[in-house]
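# Overview (structure and organization)
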Amino acid sequence: MLTAFLGGFITGSWVVGLDRIVTARFDGQRFRVPSRVFAAPAILYPGLDWKLIELRETMQRLGYREAPGTRDLPPGQYVWGPSRVRVHLRAFEHPSRREPSRDVVLRLKGGLIDEIRELPSGIELGAVLLEPEQLGAYYGPEHQQRQLVTLDDVPRHLVDAILAVEDQRFETHPGVDLQRIGGAALANLRAGSIRQGGSTLTQQLVKNFFLTPERTVWRKAQEAVMALLVELRYDKRSILQSYLNEIYLGQRGATAVHGVGEAARLYFGKTAINLSVAESALIAAIIQSPNGLSPYRDLERAVRRRNLVLDLMRNQGRIGDKTHSRARTASLRVATVTPDADDARYFLDLVRRRLPEIYDLKALRSDGLRIYSTLDRRLQRIAGIALREGLARLEARNPALKTDDPSRQLQGCIIAMRPQTGEILAMVGGRDYGVSQFDRCTQARRQVGSVFKPFVYIAALEPTGGAPAITLASFLDDSPLEIATPSGPWRPKNYDGEFHGIVSVREALERSLNVATARLADRVKAVRIAEVARRLGITSPLPLVPSLALGSADLSPIEIMRAYATIASGGIRPESQIIEDLVDAQGKTLERRRLRFKRVLDPGTAYLVTSLLAGVAERGTAAGVRSTGLRGPIAAKTGTTDGERDLWFVGFTPELVAVVWVGFDEPRSVGVPSSVGALPIWRRFVREATGGEIRGKFLPPPGIEQVEIDPMTGALALAGCAERRTEYFIRGTLPVEVCPRGFSGAVEGDSPGTRSEFFEWLRKRL
Amino acid sequence: MHRVLGGLLMGTLAAVSAVGCVSRGPRGESGPLRISEVERQGDGARRASTRLVLSGLDFDVESESGRALSEYERAIQIDPTNPFAYLAVARFYADLFLPGRSLEYLDQAELLLESQGLSSPRVEAHLAGLRGLAHLATGRFREAETLLGRARKLAPSVWSDARLSPDELR
């Protein structure tokens with residue numbers, strides 16, 4: 001009696017313990033609402049190039065459907081005509097505003113939206129917003145690929161296929177299927193080993209959530225009891241939906257693929273709702289052994305297994321004969337394993353890394369937050385394509401760069417920002433997130449090479465309590481140089497191995513001359529250069545050595561972007577922004593975006609450097625940016641490190657700054673300079689982002705004087721001076737010499753030797 | 001004697017200048033700048049952006065500050081180089097007694113106005129006044145007094161009460 005009581009008590013306690021685990025962890029894991037991240041909403045306004053922003057595609061992605069006629073157009077539908085688009089915009093909630101549902105007409109003129117009017121009032125509207133697109137959701141801390149679905153997001157035949165092969169009595173059993181267990185036990189007895197499992201979907205789900213994959217009697221008992229408890233506490237629909245999102249369906253690089261939504265995207269390049277019967281059967285077929293039965297590994301085996309599922313579906317009356325035979329004969333076309341162009345997962349990871357700074361990470365995983373980001377969905381897609389195709393082209397050009405091991409392949413990243421506000425608009429941290437989640441835009445620090453040089457020129461051009469070290473009319477000395485360092489003499493060399501004698505400041509930067517820049521840096525001093533870099537937004541350690549001037553420091557692309565954004569915005573450093581608003585499940589705004597700016601550089605100096613960099617893009621190492629007809633203001637700088645291991649390209653327009661890095665994770669030569677390896681990626685991105693016509697101008701701020709100088713001497717050009725070019729100066733720094741009778745004499749270094757060399761050079765030219 | 005004459009002259013000039021300022025209509029070309037005046041200037045993006053700024057000011061007038069800020073942010077999203085959008089946000093934060101934020105936007109507005117050749121005494125009044133308010137809020141009274149005095153002098157019709165309402169900027 002006592003033994004029975006004790007036995008009952010112990011069993012009861014064990015079951016109660018398991019129930020606690022189920023309710024605490026199952027509730028927490030299964031029924032939590034994921035946090036969703038949205039892109040910035042698209043704004044439509046008169047003057048906008050609707051083709052450029054891919055209006056029709058955007059509306060289709062947002063689920064707007066084309067209606068046959070304009071009568072009683074319901075929200076979410078549109079009618080596209082030759083010169084007007086009528087669209088009934090859906091209402092949506094945004095943290096700071098509630099956008100009402102609006103029936104509007106967009107009049108199109110050429111490629112532009114000419115006018116927006118609301119119906120039926122006919123009131124002209126200045127702008128309307130489309131609801132923001134969802135970029136992704138956070139479901140757990142691991143790197144899992146998961147496209148969450150509800151039962152309404154999947155076709156019935158997918159559920160049927162899974163039930164047919166995995167658990168045909170799911171609707172009726174209480175969590176454990178004794179009939180199936182008996183059948184499996186018999187089969188295993190006959191085989192003399194464990195060949196077949198008797199687990200129901202609920203048991204599989206429990207195993208995934210709480211238990212290890214070991215096959216012991218004790219674990220099976222736990223699994224069965226927990227499955228019964230889950231069925232007692234939750235309805236079949238919830239369990240099935242959870243299973244569809246949880247089930248492991250293969251591996252892509254280091255990333256586990258979970259859920260039918262993600263599997264549909266991976267195997268067929270489509271959303272789950274669009275899966276055919278044959279495709280659904282394949283997904284159901286591979287559940288048993290996702291990697292062994294993967295169509296990428298053995299297509300024939302996968303087809304055999306798929307057909308078995310289709311047979312089961314027919315035999316169980318889930319599909320008819322006609323559907324069965326059509327699906328069975330359907331050829332299996334799996335998607336090429338290419339990364340999704342709209343993939344924003346590097347960005348989502350960045351958001352997740354930044355969020356704990358403002359919000360509790362635990363809540364992030366379970367509270368159903370809505371995170372409104374700054375990402376521009378269109379630019380993100382363009383950036384992804386530009387990077388991946390650019391790298392593929394490099395490999396095609398030089399097959400030695402190609403490797404069969406995806407984890408060792410040529411890599412790259414691209415990141416873009418709005419310089420005035422610091423909003424990150426696009427970010428692709430690597431070639432394929434599925435293969436490597438390491439974000440090269442924000443987590444990698446690589447030697448930056450010549451993209452660091454503008455900081456040297458800023459330090460030299462900036463008038464800090466006196467005359468600047470140089471003006472844009474100065475000359476630099478590009479003759480052999482030796483600088484003593486604690487580790488021995490340092491002798492910088494140019495990329496072409498030549499020395500170019502006396503060169504103008506413009507020429508030195510446009511041709512990215514190392515020796516002239518190193519000599520200038522030696523004069524300005526590394527401490528001062530580092531101080532300038534810090535002010536502009538560089539936070540990584542900067543070694544105070546002479547080679548710092550040539551970019552010997554290891555920096556991340558996001559730092560470089562921030563620094564160049566400061567130049568682009570006239571010396572005002574923006575804080576990088578990735579989140580606009582953070583809203584909890586109850587709709588309460590937890591965090592509002594706050595743009596932050598700090599004036600860190602005199603606008604005049606910022607303009608002079610912008611002008612120099614514009615010259616680099618016009619005539620210098622970055623002149624290739626114009627080769628495909630990109631028009632408008634561009635300032636840019638190339639950077640190629642020793643042995644062509646790191647290729648950098650940084651460029652900005654008045655409204656966009658973007659950085660491209662190309663290289664191997666384990667540094668080795670890419671075999672080409674930045675102008676060949678990184679520039680084309682930047683060019684394609686900006687061309688497609690702007691439509692080829694860049695808006696705005698680089699305008700000189702007050703305090704900048706524009707005068708003509710003699711390019712040979714740097715002297716002010718008066719009437720009678722044979723040659724002249726326009727140059728910019730901070731007020732009070734104009735050359736004192738005049739042409740035709742004088743020259744500036746402002747030779748960097750100003751040593752007698754240099755001076756005589758300069759005279760000699762000048763004599764030859766005159 | 002010279003000093004007295006000089007003082008008289010200066011005083012007269014100041015009075016004339018002040019009367020001149022007061023007598024000019026606030027909506028006139030020579031009164032303090034109103035953003036509605038530049039509504040039709042610039043390309044499509046600038047015009048759309050400025051319209052959103054005006055819409056934001058309308059919300060500001062109605063004390064719908066969340067909606068107002070949202071309109072200003074969208075204005076910046078459409079045209080990040082629109083100085084009037086930053087000016088409106090600087091005013092918005094000045095009203096909320098957030099001088100640090102106000103100054104940041106003011107810096108950006110000033111830089112963009114200057115580099116786009118849009119600086120003039122008509123807009124300078126607002127820049128000086130808002131900067132003065134920010135200094136006032138941070139306890140830098142001397143600078144505040146100078147700047148607000150300058151704003152009052154440039155645009156007495158607006159800045160005599162040491163405040164720039166959304167309606168006055170609109």
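Residues numbered from 1 in each chain as written. Chains lettered and ligands numbered in written order. Predicted model: local features only at pLDDT ≥ 70, side-chain atom pairs only at ≥ 80, totals over all residues.

Attention now moves to the overall build of chain A. From N to C terminus, chain A includes 23 helices and 34 strands. Expressed as a percentage of its 766 residues, the buried residues of chain A come to 46%. The contacts of chain A with a sequence gap of at least 6 include a subset with a gap of at least 24, amounting to 68%. (Helix = DSSP H or I, 4+ residues; strand = E, 2+ residues; numbered from the N terminus. Buried ≥ 20, exposed ≤ 12 C-beta atoms within 10 Å, placed from the backbone. Contact = placed C-beta atoms within 7 Å.)

Our next topic: the nonpolar core. Counting 129 residues, the largest nonpolar core has Ile414, Ile415, Ala416 and Ala658 of chain A as the members making the most contacts within it. Contacts of Ile414 of chain A, omitting those with residues within four sequence positions, involve Ala383, Ala386, Leu387, Ala426, Val428, Ala658, Val660, Ile681 and Phe685 of chain A. The next biggest cluster of nonpolar side chains, apart from the first, holds 68 residues, and it includes Val85 of chain A together with Leu33, Leu69 and Leu133 of chain B. (Core = buried A, V, L, I, M, F, W, Y, C linked by C-beta atoms within 7 Å.)

Next up on the list: the interface of chain A and chain B. On the side of chain B, 25 residues touch chain A, which itself brings 27 residues to the contact. Of the residues assigned to the side of chain A that touches chain B, the class counts are 14 nonpolar, 7 polar and 6 charged. (Nonpolar A, V, L, I, M, F, W, Y, C, P; charged D, E, K, R; others polar.)

Two strands in a sheet stick together by hydrogen bonds in their backbones, pointing the same way (parallel) or opposite ways (antiparallel). All names here are of chain A. Read from one edge to the other, the open sheet built from 5 strands follows the order 11-1-15-25-26, with strand pairing classed as mixed. Each end of this open sheet is capped by a strand with a single partner; those strands are strand 11 (134–138) and strand 26 (589–592). Taken over all neighbouring pairs, the strand axes of this sheet differ in orientation by 15 degrees on average, direction set aside. As judged from the 3 bridges shared by strand 1 (residues 35–38) and strand 15 (residues 370–373), these two strands associate in the parallel manner. In the sheet register, Val37 faces strand 15, and the bridge partner there is Ile371. Against the sheet, helix 12 (residues 345–354) contacts strand 1, strand 11, strand 15 and strand 25 (579–583), and its axis sits at roughly 55 degrees relative to strand 11. (Pairing = 2+ DSSP bridges. Axes fitted to C-alpha atoms, helices over the stretch in contact; angles between N-to-C directions.)

Attention now moves to the sheet that holds strand 30 (residues 656–663) of chain A. Residues and elements named next belong to chain A. A sheet is described by the order of its strands in space; here 5 strands give the open sequence 17-16-30-29-28, paired in antiparallel fashion. Across the chains shown, the open sheet's two edge strands, defined by having one partner strand only, are strand 17 (423–428) and strand 28 (635–640). Taken pair by pair, the neighbouring strands of this sheet meet at an average axis angle of 10 degrees, ignoring direction. Pairing of strand 28 with strand 29 (residues 646–653) involves 6 bridges; the strand directions are antiparallel. If you follow Thr638 over to strand 29, its bridge partner there is Phe649. Contacting strand 28 and strand 29, helix 20 (residues 603–618) runs over the sheet at an angle of about 70 degrees to strand 28.

Residue and element names in this part refer to chain A. Among the structural elements, Cys413 can be located in strand 16 (residues 411–418). The exposure class assigned to Cys413 is buried, which follows from the 29 C-beta atoms found within 10 Å. Remark: the alpha-carbon pair of Cys413 and Ile709, spanning 296 residues in sequence, is separated by 41 Å.

Burial within strand 25 of chain A is extensive, with 4 of its 5 residues counted as buried. Connecting strand 25 of chain A to the next strand, strand 26 of chain A, in antiparallel fashion are 5 residues, including Gly587 of chain A with a positive phi near 90 degrees.

For any two helices packed against each other, one specifies the inter-axial angle together with the distance between the axes. All names here are of chain B. Relative to each other, helix 2 (residues 44–61) and helix 3 (residues 65–78) sit at 170 degrees, their axes nearing to 8 Å. On the basis of the axis angle, helix 2 is roughly antiparallel to helix 3. Together, Ala45, Ala48, Ser49, Leu52, Val53, Ser55, Gly56, Phe59 and Asp60 of helix 2 and Ser65, Arg67, Ala68, Glu71, Tyr72, Arg74, Ala75 and Ile78 of helix 3 make up the contact between the two elements. In terms of residue class, the contact of helix 2 with helix 3 is made up of 9 nonpolar, 4 polar and 4 charged. (Parallel < 35°, antiparallel > 145°, perpendicular 65-115°, else oblique.)

Interpretation of the predicted coordinates at a detailed level should be avoided for regions scoring low in pLDDT. Residues and elements named next belong to chain B. With 82% of its residues at a pLDDT of 70 or more, chain B shows a mean pLDDT of 83. The weakest mean pLDDT in chain B belongs to helix 1 (residues 2–23) at 38; the strongest belongs to helix 4 (residues 83–95) at 96. Counting interchain partners and residues more than four positions distant, the pLDDT-below-50 stretch residues 1–29 has 16 contacts. Interface scoring of the predicted complex returns ipTM 0.80; its pTM is 0.78. (pLDDT = per-residue confidence, 0-100.)

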